[in-house]
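Letter by letter, the chains look like this.
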Amino acid sequence: MEITGFEKIKEISKLGYIALRRSRISRSKSTVQGEYENGWKQYEAILEKCDTLESWLYLKGIEDQPIICNINGKMCFTSYNMPEFNRQSILRTMKNEFDQISSITEFGSGLGRNLLYIKKLFPHIQCYGYELCVNGVEMAKRASKKFGVDVQYSQLDFVNDSEEKYVFPKTDVAFTMYALEQIPLASSKAIQNILNHVHKGSVHIEPVVENYPMTLRGVIGKIDHWKIDYLRNFEKGLKKFSDIAFTKEQVNTSHNPLMYPSIYCVKKINSK
Ligand SMILES: C[S@@+](CC[C@H](N)C(=O)[O-])C[C@H]1O[C@@H](n2cnc3c(N)ncnc32)[C@H](O)[C@@H]1O
């Protein structure tokens, strides 16, 4: 249900107030680990209770609750299957932009659920996940074993780690889903490392603030994401690569009413 009229003014004022009052943080590797090591550990008990893969991929009582979110750029209060939307957005872009994909890597795979979803739909595709936080990797391995879905996961910092940590073979394509958002000024380094480990290219669904609309909510979103030190200058970084071509699409649908994500498809030149 779209939020309109007085309710809309009230909600935007609240969001603006929170954004302006928030202290500015500096996001480092230890900030990310501090947030996600604990966060992913909480899913141990949740995974335990999930009897089916489907229930793990869309968590009842958690992800199906109505929230204030952004749907096609409209502020709504609704229950919306965001994980499915994001996964389908990545798959649609891959299908449209690349021929014959037989292997995929996710960088910053968190709990590893996106890859279980993909593997279940396309059993012939080899799937690999790299994740910074060991608790995410552990949870992902446990879920893949529990639901009998053949995906492999390993711990990796895709910005700083050296070659020996890339333990999986080069894949046709790679993707990130809200993982580059966590590395404010290192996205070019991350993209270089990702491209070094794929044949064709990569797809990224990320909040690229430079693409946010110049509406009140868009501007509050820019301020808020600057305060929490999310990804900046992503496209500027991409333009410095001489051996790629890229496309972008605004999706403007997100769990956060201040977030207007973009999908970038990066292709290594001379690959299809
Ligand atoms: C918002 S979560 C998204 C997780 C997953 N992509 C998903 O859609 O559910 C961001 C993830 O990126 C990971 N991450 C952040 N920086 C990373 C890095 N340098 N190398 C590997 N993973 C990283 C975090 O640990 C976290 O698990």
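Just above, that's the structure.
Residues numbered from 1 in each chain as written. Predicted model: local features only at pLDDT ≥ 70, side-chain atom pairs only at ≥ 80, totals over all residues. Heavy atoms only, no water.

Here we come to the state of the cysteines. For the coordinates displayed, the defined rule picks out zero disulfides. With no disulfide partner, cysteine 265 has as its closest neighbouring cysteine sulfur the one in cysteine 127, 17 Å distant. (Disulfide = S-S within 2.5 Å.)

Once that is clear, we can look at the pattern of salt bridges. Summed over the entire model, instances satisfying the criterion amount to 15 salt bridges. With its nearest N and O atoms 2.9 Å apart, the salt bridge here joins glutamate 44 to arginine 142. Of this pair, glutamate 44 sits in helix H3 (residues 43–49) while arginine 142 sits in helix H7 (residues 134–146); the two residues are 98 residues apart in sequence, bridging distant segments of the chain. Measuring nitrogen to oxygen at the nearest pair gives 3.4 Å for the salt bridge that ties glutamate 235 to lysine 239. For glutamate 235, a relative accessible area of 15% puts it in the buried group. Through salt bridges with shared partners, a single network forms among Lys41, Glu44, Glu138 and Arg142. (Salt bridge = Lys/Arg side-chain N within 4 Å of Asp/Glu carboxyl O. Helix = DSSP H or I, 4+ residues; strand = E, 2+ residues; numbered from the N terminus. Buried < 20%, exposed > 50% of the residue type's maximum accessible area, 1.4 Å probe, protein only.)

Here we come to the packing of helix H2 (residues 29–41) against H7. Two numbers describe how H2 lies on H7: the axes approach to 7 Å, and their chain directions differ by 30°. Classed by the angle they form, the pair H2 and H7 counts as roughly parallel. As H2 packs across H7, the resulting crossing turns out to be left-handed. Residues Glu37, Trp40 and Lys41 of H2 form the contact with H7, whose participating residues are Val134, Asn135, Gly136 and Met139. Across the contact of H2 with H7, the residue classes tally to three nonpolar, two polar and two charged. (Axes fitted to C-alpha atoms, helices over the stretch in contact; angles between N-to-C directions. Parallel < 35°, antiparallel > 145°, perpendicular 65-115°, else oblique. Left-handed = near helix turned anticlockwise from the far one by under 90°. Contact = heavy atoms within 4.5 Å. Nonpolar A, V, L, I, M, F, W, Y, C, P; charged D, E, K, R; others polar.)

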